[in-house]
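A structural walkthrough
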Amino acid sequence: MSGQRSINICTYNTRTLRTEESLESLIDELRDLKWDIIGLSETKRAGEGIEELKGGAWLYNHGKTEDNRNAKGIGFMIHPKFKDYIREIKYYSNRVVSLDVQLTANNHLCVVQVYAPTSEYEDEAVEEMYEDVSKAMEESRATYTIVMGDFNAKIGRRQSGEESIMGRDSTTRKNKETKTKEDIEIEELDIKRKILREIIDKTTTQKVEYKETVKEVRKKRRQRSRRKRREQIESILESGKGPKQISKMNSKKTRISQMKDKNGIPTSSREEILNICAEFYQDLYSSHSNQSKPNFLSPDQTDIPNVTVREVETAVKQMKDNKAPGTDDISSDVYKIGGAEIITQLTRLYNQILTEKKIPAAWKEAKIILLHKKGDKEDIKNYRPISLLSHAYKIFTRLIQNRIKIILDENQPREQAGFREGFSTTDHLHDLNQLIEKANEYQLKLCIGYIDYEKAFDSVEHSDLFAALRRIGVNEGYVKDSRRHLHKRHSYNPHR
């Protein structure tokens, strides 16, 4: 795009583009208007991707799909003369998408289209939307950035000094705000955080204060979100509604838009991306050991005692709040709020499992989600797989872990500080710093070697794990129970 010219950009809440008639009606309305890029909200149009319309314009829509039924629809309309200048369209969530336009050889424009939650939604949904907007702005690194859309807010009449950010035709009414003491406290902390962030040359004290303020703001927001979530779940349970209603609270999904195969060739096909992931993790989790498997039993072969109500209560209390559910769609909060009746039923179930020596088939199924760690987002090696398992199963394994915890801990070397209660790698870092300081003080040569095992936890041979448990004297019943857990497990991608 050479020279200078104006670009006509606008945003529009379409209410619906679900039918072809409504889409044709919009196209007719645009014929007499000057436009280049239109950000669309609430399209209510199913499917995702780009389609070419009559006249050559592009419609990019990300709406309701089989695995994303809560999407209201968001996207862009792009004028035919601008199609060649579109560098990228990125989907962040049901409420945020971005469009990257090449202006000149060195300049490009990022347009972030937003469809904000209404006041009926929880604060967590609003905060997630703003996080997605921030992420879109940070990733674009564009010369110019425009954030626009339907923010579902009444901002009131324009005040003096707001001419550069607000139009003259704004409404005279504002949204009603009801703030709690907790909300005000978070706002005050956030203001403090922003003030500290704007200081260019921070002192050491100000740097520490800024980091601590950021941590405190995040902590209090999480606490508020968890409290509100707990209140929602209690309300659902009291009304007699089931876990499906609770599972609807976890509707945010993101997708991997492109992935490279083992030959480095990128693909955006959903089927091919899933095959790349399946092939990679099937190879990763397969045994590559040629050594003969150890064949001996644990010295402790006594009968495993029955599970008690107190053990189940302890295991339930140890579960973290607000964790994603497995295939049964029952979150950990349900077990915590359920009270004595759920504890009693779980105790009976766990004792039945120990007696029959049979794990429920549903416990061997897991939802798999991939979290990007760092590096190339199109390289499957840069993702961490997370298995979302049934919380009833996780409570059971926690209970077993509590039983064998002492013998496991007693057999760990004192140098092992990670993943152990009462230990911290801070001690190791302190010793390392002391070593470096002494080497510098006495001008001694110092070489430090670091080893980082790729996919360390994923590549552990199960046979070696069972042999290690037997070697340190863990009851044979628990070892065999662990083998049953890992035998013939299944997983699936919930975002297929």
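Residues numbered from 1 in each chain as written. Predicted model: local features only at pLDDT ≥ 70, side-chain atom pairs only at ≥ 80, totals over all residues. Heavy atoms only, no water.

1. Examining the side chain of aspartate 190
For aspartate 190, the position within the fold is in helix H3 (residues 181-198). You can call aspartate 190 buried: its relative accessible area is 10%. Here the side chain of aspartate 190 touches arginine 193 through a polar contact of 2.7 Å, side chain to side chain. With near-sequence residues (within four places) excluded, aspartate 190 lies in contact with Val217 and Arg221. (Helix = DSSP H or I, 4+ residues; strand = E, 2+ residues; numbered from the N terminus. Buried < 20%, exposed > 50% of the residue type's maximum accessible area, 1.4 Å probe, protein only. Polar contact = N/O pair within 3.5 Å; in protein donor to acceptor, adjacent residues only side chain to side chain. Contact = heavy atoms within 4.5 Å.)

2. Remarks on helix H7 (residues 309-318)
Buried residues of H7: Val312, Ala315 and Val316, and no others. Looking straight down H7, one finds its buried side chains confined to an arc of 100°; they lie on one side. Exposed positions of H7 whose direction lies more than 90 degrees from the buried face are Arg310 and Lys317. (Arc of directions from axis to C-beta.)

3. Details of the packing of helix H10 (residues 391-410) against helix H13 (residues 476-486)
It is at 12 Å that the axes of H10 and H13 come closest, and there the two elements cross at 155°. Here H10 lies roughly antiparallel to H13, going by the angle between them. Seen from above, H10 lies across H13 with left-handed handedness. On the side of H10, the interface is formed by Tyr393, Phe396, Thr397, Ile400, Arg403 and Ile404, while H13 contributes Tyr478, Asp481 and His485. Of the residues in the contact of H10 with H13, the class split is five nonpolar, two polar and two charged. (Axes fitted to C-alpha atoms, helices over the stretch in contact; angles between N-to-C directions. Parallel < 35°, antiparallel > 145°, perpendicular 65-115°, else oblique. Left-handed = near helix turned anticlockwise from the far one by under 90°. Nonpolar A, V, L, I, M, F, W, Y, C, P; charged D, E, K, R; others polar.)

4. Describing the packing of helix H9 (residues 340-356) against H10
Between H9 and H10, the least distance of the axes is 11 Å, while the angle of their chain directions is 70°. One element, H9, and the other, H10, form an angle in the roughly perpendicular class. Crossing geometry of H9 relative to H10 is assigned as right-handed. Here Leu346, Tyr350, Ile353 and Leu354 of H9 lie close against H10, whose contacting residues are Ala392, Ile395, Phe396 and Leu399. Grouping the constituent residues of the contact of H9 with H10 by class yields eight nonpolar, no polar and no charged.

5. Focus: the pattern of salt bridges
Tallied over the entire structure, the rule returns 31 salt bridges. Lysine 54 is the partner of glutamate 24 in a salt bridge, and the nearest nitrogen-oxygen pair spans 3.9 Å. With a gap of 30 residues between them, glutamate 24 in helix H1 (residues 20-30) and lysine 54 in the loop between strand S3 (48-52) and strand S4 (58-62) connect regions that are remote in the sequence. Here lysine 81 and aspartate 36 are joined by a salt bridge, their closest N and O atoms 3.6 Å apart. Residue lysine 81 is found in the loop between strand S5 (74-78) and strand S6 (86-93), and its partner aspartate 36 is found in the loop between H1 and strand S2 (37-41); the two are separated by 45 residues along the sequence. Residue lysine 81 is classed as partly exposed on the basis of its relative accessible area, which comes to 44%. In this structure aspartate 36 comes out as buried when scored by relative accessible area, which is 0%. A cluster of three or more residues bridged by salt bridges with shared partners is formed by Asp190, Arg193, Lys194 and Arg221. (Salt bridge = Lys/Arg side-chain N within 4 Å of Asp/Glu carboxyl O.)

6. So, H9
An ideal rise of 1.5 Å per residue puts 24 Å on 17 residues; H9 measures up with 24 Å between its terminal C-alpha atoms. In this structure, the buried side of H9 is in contact with H7, helix H8 (332-337) and H10. Phi for lysine 357, located one or two positions after H9, is positive at around 55°. (Expected span 1.5 Å × (residues − 1).)

7. Considering the packing of aromatic side chains
Enumeration according to the criterion identifies six aromatic pairs in this entry. Each ring, one from phenylalanine 82 and one from tyrosine 85, has its centre 6.3 Å from the other, and the planes form 70°; the classification is edge-to-face. On the basis of relative accessible area, tyrosine 85 is assigned to the partly exposed category, the value being 28%. Ring pairing ties together the aromatic residues Tyr350, Trp363, Tyr393 and Phe396, which thus form one cluster. (Phe/Tyr/Trp six-rings, centres within 6.5 Å; stacked < 30°, edge-to-face > 60°.)

8. As for the pairing of S6
One ladder, built from six bridges, connects S6 with strand S7 (residues 96-102); its direction is antiparallel. Paired with isoleucine 86 across the strands is valine 101, a residue of S7. Connecting S6 to the next strand, S7, in antiparallel fashion are two residues. (Pairing = 2+ DSSP bridges.)

9. As for the sheet that holds strand S1 (residues 9-13)
Across the sheet, five strands lie side by side as S1-S2-S5-S4-S3; this open sheet has mixed pairing. Sheet topology places S1 and S3 at the edges, where each strand pairs with a single neighbour. On average, adjacent strands in this sheet sit at an angle of 15° to one another, irrespective of strand direction. In the sheet, S2 pairs with S5 via five bridges, with the strands oriented antiparallel.

10. Thoughts on a positive patch on the surface
On the surface, a cluster of positive charge is contributed by Arg218, Lys219, Arg222, Arg226, Lys320 and Lys323. Mapped onto the elements, arginine 218 comes out in helix H4 (residues 204-238). (Patch = residues over 30% accessible without salt bridge, like charges linked within 9 Å, V, L, I, M, F, W, Y side chains within 5 Å. Areas by Shrake-Rupley, 256 points an atom, 1.4 Å probe, with all protein chains shown as cover. Lys, Arg positive; Asp, Glu negative; His and termini not counted. Charge placed at Lys NZ, Arg CZ, Asp CG, Glu CD.)

11. Examining unusual backbone geometry
Phi is positive for lysine 44, which is not a glycine, with a value near 55°. Mapped onto the elements, lysine 44 comes out in the loop between S2 and S3. Accessibility expressed as a relative area gives 42% for lysine 44, which makes it partly exposed. At arginine 141, a residue that is not glycine, the phi angle is positive and equals roughly 50°.

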